[in-house]
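Each chain is listed here by its residues.
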Amino acid sequence: MDSQFDAIIVGSGLGGLCAAAHLVAADKRVVLVEKSPHLGGRCSHRVREDCLVTTGALMIPMGPQSAIRQAFDALGVDMDMVNLTGKMRYRLAHGDYDISAKGGGLLGMINFAMQNADKAKQLHQQIIDALMVWMPLSSITILEWFDQHTDNQSVKDLFQGYCAALMGVNMHEIPANEFFSFLKYHSKGSQFGMARLGNGHLLGELANAITARGSVIRMQSPCRKILIQNNTISGIEIGNSSGEAEILNAPIVISNAGPRRTFELAGGSDAFEASYVARLKQGDVEAPIMHASFTLDKPIMENFDGCMVFGNTTNLIYLEIPSAISPNMSPDGVFLHTAYGAPADAANPNLSAEFKNMLQELESNFPGILDRAKFLVKAKHRGDSPGMHRWVGRGMPVNTSIRGLYNVGDGAASVGMIGTESAAASAREAAAMILA
């Protein structure tokens, strides 16, 4: 086959596919190589006993300003989503709080947590001042910022759940500037949803549009090496379907493999400028995640088709009932549930003990659940997938010190960007650099 392309994309996660979409829309011919037989990375699904079980992402941004929506729009691909905007329930030790569809959610959340209207208004105003008057710097954490203004543990528990659910690490591990940048620039007016037919189908539609424009997607073709001549990209070496080495040529390589893996594929420290290497190594800490998906013969909560965030737990982060959102997620009479957890200290996890505690916290919140549930997934993840490539606040630049080499994905998140949206936003940024 033709081995010369305008760009090569390594990895078919959301960042890789969105980057391909933008380049293809600009009439560039790309080849995307994926090591596995599945598209989508952590924004995909697997079929387990006729249930569509996510590989990571649950809530996906879908509004007009979303970088994900913009990548789909670039190729005229519909996003078949169920809108879940505002369908959030927060559980604290003293009860549950549902976000109001009428707005005012932040003050309402704080008031519910503090159970004191005057103190809630004071803290709410301090948050507004942090957004409008003086945004805290990255020299303190979110927890340290809250410690300045309140000793109310319930409100700290609320925001611990909020941070862990949205950002994957704890409030004592996230720079305050990241949190307030997200609130100010990226949370207001955002819309979220769940893919009606599963994440794999959603990204499969985008992949079909990419290949329909004459570009190529190569599955089960792992990148073995990124090829560089005189600090300039020349292509990559892959292992093809026969296990043989094959060279693909292009002046641009966009890696969705994560900054750490990209660094290794390109030759390590000897290939990169010293400040880039220092930045990479300084923030190179894993972000483990724990995942449990299970089925029941009825929903764990009646009449709930949103996302529950836990502020009364140590490891359990959030829970969804995908079957209650879209009946396509499971067979009739079977209700799929998905829960995620995170270590209390992401840098020093004890995943075996903390996963066991996550399940016990699920049992404590829903007595009898462990006896009644049929588990499809019980997973403790470390490394580049499906955990985040970099912690929030430790993202690498999209461009690198090697001419023509770019990173996309959550490992290249800009300030205030999180999760799937950060992956798509990095793809948009990389494409803009390349097409400029």
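Quantities reported herein were computed from a predicted structural model and do not represent experimental measurements.

The subject of this paragraph is the packing of helix H1 (residues 14–25) against helix H2 (residues 67–74). One can describe the packing of H1 onto H2 by two numbers: an axis separation of 8 Å at closest approach and a directional angle of 40°. In terms of their interaxial angle, H1 and H2 are classed as oblique. Pair H1 / H2 crosses with left-handed handedness. Residue-level inspection shows Leu 14, Cys 18, Ala 21, His 22 and Ala 25 of H1 in contact with H2, the latter providing Ile 68, Gln 70, Ala 71 and Ala 74. Along the lines of polarity and charge, the residues of the contact of H1 with H2 split into seven nonpolar, two polar and no charged.

All right, on to helix H3 (residues 105–114) then. Of all 10 residues that make up H3, seven are buried, and the element is covered over most of its length. Every buried residue of H3 is listed here: Gly 105, Gly 108, Met 109, Ile 110, Phe 112, Ala 113 and Met 114. Where H3 is buried, its residues touch strand E7 (88–92), strand E8 (95–98), helix H4 (117–132) and helix H6 (153–167). Where H3 ends, the next residue or the one after it, Gln 115, has phi of about 55°, a positive value.

Attention now moves to the side chain of Ser 326. One can find Ser 326 in the loop between helix H11 (322–325) and strand E18 (335–341). Setting aside anything within four residues of it in sequence, one finds Ser 326 in contact with Val 82, Met 194 and Arg 196.

Let us look at the sheet that holds strand E12 (residues 232–239). If you walk across this open sheet you meet the three strands as E11-E12-E13, and the pairing is antiparallel. Every other strand in the sheet has two partners, leaving strand E11 (223–229) and strand E13 (245–249) as the edge strands with one partner each. The sheet shows a mean angle of 25° between the axes of neighbouring strands, taken without regard to direction. As judged from the five bridges shared by E12 and E13, these two strands associate in the antiparallel manner. When the sheet's bridge partners are listed, Gly 235 is paired in E13 with Asn 249.

This part is about the packing of aromatic side chains. Applying the stated rule across the entire model yields 15 aromatic pairs. Pairing Tyr 162 with Phe 179 gives two aromatic rings, centres 6.1 Å apart and planes at 85°, and the pair type is edge-to-face. Taken together, the positions of Tyr 162 in helix H6 and Phe 179 in helix H7 (residues 176–187) put the pair 17 residues apart, joining distant regions of the chain. The same class applies to Tyr 162 and to Phe 179, which are both buried. Between Phe 263 and Phe 272, the aromatic rings sit 5.2 Å apart at their centres with planes inclined by 35°, giving tilted as the arrangement. Here Phe 263 matches Phe 272 in class, with each residue buried. Seen from the ring of Phe 375, Lys 378 lies directly overhead, with NZ or CZ sitting 4.6 Å from the centre. Positioned above the aromatic ring of Phe 355, the side-chain terminus of Lys 380 is 5.2 Å from the ring centre.

Moving on to the environment of Gly 108. Checked against the element boundaries, Gly 108 lands in helix H3. For Gly 108, a relative accessible area of 19% gives the class buried.

In this fold, Pro 349 is placed in the loop between E18 and helix H12 (351–365). With a relative accessible area of 18%, Pro 349 lands in the buried category. Not counting residues up to four positions away in its chain, the partners in contact with Pro 349 are Pro 288, Pro 343, Glu 354 and Arg 382.

Procedures and definitions
- Residues numbered from 1 in each chain as written.
- Predicted model: local features only at pLDDT ≥ 70, side-chain atom pairs only at ≥ 80, totals over all residues.
- Heavy atoms only, no water.
- Axes fitted to C-alpha atoms, helices over the stretch in contact; angles between N-to-C directions.
- Helix = DSSP H or I, 4+ residues; strand = E, 2+ residues; numbered from the N terminus.
- Parallel < 35°, antiparallel > 145°, perpendicular 65-115°, else oblique.
- Left-handed = near helix turned anticlockwise from the far one by under 90°.
- Contact = heavy atoms within 4.5 Å.
- Nonpolar A, V, L, I, M, F, W, Y, C, P; charged D, E, K, R; others polar.
- Buried < 20%, exposed > 50% of the residue type's maximum accessible area, 1.4 Å probe, protein only.
- Pairing = 2+ DSSP bridges.
- Phe/Tyr/Trp six-rings, centres within 6.5 Å; stacked < 30°, edge-to-face > 60°.
- Lys NZ or Arg CZ within 6 Å of the ring centre and 35° of its normal.

Remember, this is a structural readout, not a statement about activity or role.
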